[in-house]
Amino acid sequence: VGAGEAYDILEPILVKCAAQVGNQPCTGYLGPVGAGNYVKMVHNGIEYGDMQLIGEVYDILRKVVGLSNLKMAELFEKWNKGEL
């Protein structure tokens, strides 16, 4: 059984386990062996970039703006409710 055929067999399970966006599962066949690793690498790059941005904003709010931890927590909570 090749990778595509294996995905077809497992797809019903994966769809039920996957996160949903707009009633669509966040899963799909990505290609031959290694394609998933590439997609994960891109995902990690985006995620690490987001984490770096949060850290930089925290540092600026703390050292430049002078916000307390409580005020920053309130601000981050507000931002967390909006669009990224």
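Scroll up to find the structure.
Conventions and cut-offs
Residues numbered from 1 in each chain as written. Predicted model: local features only at pLDDT ≥ 70, side-chain atom pairs only at ≥ 80, totals over all residues. Heavy atoms only, no water. Helix = DSSP H or I, 4+ residues; strand = E, 2+ residues; numbered from the N terminus. Axes fitted to C-alpha atoms, helices over the stretch in contact; angles between N-to-C directions. Parallel < 35°, antiparallel > 145°, perpendicular 65-115°, else oblique. Left-handed = near helix turned anticlockwise from the far one by under 90°. Contact = heavy atoms within 4.5 Å. Phe/Tyr/Trp six-rings, centres within 6.5 Å; stacked < 30°, edge-to-face > 60°. Buried < 20%, exposed > 50% of the residue type's maximum accessible area, 1.4 Å probe, protein only.

## Let's talk about the environment of proline 32
Following the sequence through the fold, proline 32 ends up in the loop between strand E2 (24-25) and helix H2 (35-65). For the pair proline 32 and glycine 2, spaced 30 residues apart in sequence, the C-alpha separation works out to 8.7 Å.

## Digging into unusual backbone geometry
Positive phi values are uncommon outside glycine, yet asparagine 23 reaches one of about 65°. Topologically, asparagine 23 is positioned in the loop between strand E1 (20-21) and E2.

## Side note on the packing of H2 against helix H3 (residues 69-80)
For the pair H2 and H3, the least separation of the axes is 11 Å and the interaxial angle reads 140°. When the axis of H2 is compared with that of H3, the two are oblique. The way H2 lies across H3 gives a crossing that is right-handed. Only Asn69, Met72, Leu75, Phe76 and Trp79 of H3 make contact with H2, whose side of the interface consists of Ile54, Val57, Tyr58, Leu61 and Arg62.

## Concerning the packing of aromatic side chains
Taken as a whole and judged by the stated rule, the model has two aromatic pairs. Judged by centre distance (5.6 Å) and plane angle (90°), the ring pair of phenylalanine 76 and tryptophan 79 falls under edge-to-face. Here phenylalanine 76 and its partner tryptophan 79 are both found in helix H3, three residues apart, which amounts to about one turn of the helix. We classify phenylalanine 76 as partly exposed; its relative accessible area is 24%.

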